[in-house]
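Next come the chains, spelled out residue by residue.
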Amino acid sequence: QVQLVESGGGLVQAGGSLRLSCAASGRTFSRYVMGWFRQVPGKEREFLAAITWSGDSTYYADSVKGRFTISRDNSKNTVYLQMNSLKPDDTAVYYCATHYSGSYFFTQSYKYWGQGTQVTVSS
């Protein structure tokens, strides 16, 4: 069992930046590929980024490539999402998750999820 808690969301103006954190419980955190997703009411949850256990490999959705950066600190059991050049379309609830099986890009490939943190980007 892994428990995930996201933080760092809030209200920011367009063009601004935020850094989200996802703190994980459990000694096996470093074994997991971790992912970030977001969801807008009425829409499916969207993959944003994933990072391998070592941090050597990262994967991004085209919609955030070049603006968002995923990283992790296994000594702190924490994964981060640095978000720059934010746009109003980035407004959503952001979730982190542990990968279980399958493609890193698919929501159903992830097993444990946090409760989410709201990000609102004003124009």
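Remember, it's a predicted structure, so these values are computed and weren't measured experimentally. (Residues numbered from 1 in each chain as written. Predicted model: local features only at pLDDT ≥ 70, side-chain atom pairs only at ≥ 80, totals over all residues. Heavy atoms only, no water.)

J.: Got a sec to walk through the environment of Asn77? Specific residues and values, please.
T.: When you line up the elements, Asn77 lands in the loop between strand S7 (68-73) and strand S8 (78-83). Ignoring anything within four residues of it in the chain, the contact list for Asn77 reads Cys22, Ala23, Ala24, Gly26 and Phe29. (Helix = DSSP H or I, 4+ residues; strand = E, 2+ residues; numbered from the N terminus. Contact = heavy atoms within 4.5 Å.)

J.: Give me the lowdown on the packing of aromatic side chains, citing residues and values where you can.
T.: Inspection of the entire model under this criterion finds 8 aromatic pairs. For the ring pair Phe47 and Phe105, a centre distance of 4.8 Å and an interplane angle of 55 degrees mean the geometry is tilted. Of this pair, Phe47 sits in strand S5 (residues 46-51) while Phe105 sits in the loop between strand S9 (92-99) and strand S10 (110-113); the two residues are 58 residues apart in sequence, bridging distant segments of the chain. Taking the relative accessible area as the measure of exposure, Phe105 reaches 40% and is therefore partly exposed. For the ring pair Tyr110 and Trp113, a centre distance of 6.2 Å and an interplane angle of 55 degrees mean the geometry is tilted. On the accessibility criterion, Tyr110 (6% relative accessible area) is buried. By way of ring pairs, the aromatic residues Phe37, Phe47, Tyr59, Tyr95, Tyr104, Phe105, Tyr110 and Trp113 are connected into one cluster. Cation over ring: Arg45 sits above Tyr95, and NZ or CZ is 3.8 Å from the ring centre. Sitting over the ring of Trp113, Arg45 keeps its end group 4.7 Å from the ring centre. (Phe/Tyr/Trp six-rings, centres within 6.5 Å; stacked < 30°, edge-to-face > 60°. Buried < 20%, exposed > 50% of the residue type's maximum accessible area, 1.4 Å probe, protein only. Lys NZ or Arg CZ within 6 Å of the ring centre and 35° of its normal.)

J.: Can you tell me about the pattern of salt bridges, naming the residues and giving the values?
T.: In total, this model carries 4 salt bridges according to the counting rule given. One salt bridge in this structure joins Arg38 and Glu46, with 2.8 Å as the shortest N-O distance. Among the residues examined, Glu46 registers a relative accessible area of 28% and is labelled partly exposed. The network of salt bridges with common partners includes Arg38, Glu46, Arg67 and Asp90. (Salt bridge = Lys/Arg side-chain N within 4 Å of Asp/Glu carboxyl O.)

J.: So what's going on with the nonpolar core? Residues and values would help.
T.: Among the nonpolar cores identified, the biggest contains 34 residues, and Trp36, Leu81, Met83 and Tyr94 are the most heavily contacted of them. Listed by contribution, the elements that provide at least two residues to this core are strand S3 (18-24), strand S4 (34-39), S5, S7, S8, S9, S10 and strand S11 (117-122). The element best represented in this core is S5, accounting for 5 residues. (Core = buried A, V, L, I, M, F, W, Y, C linked by side-chain atoms within 4.5 Å.)

Geometric descriptors of this kind do not, in isolation, establish any biological role.
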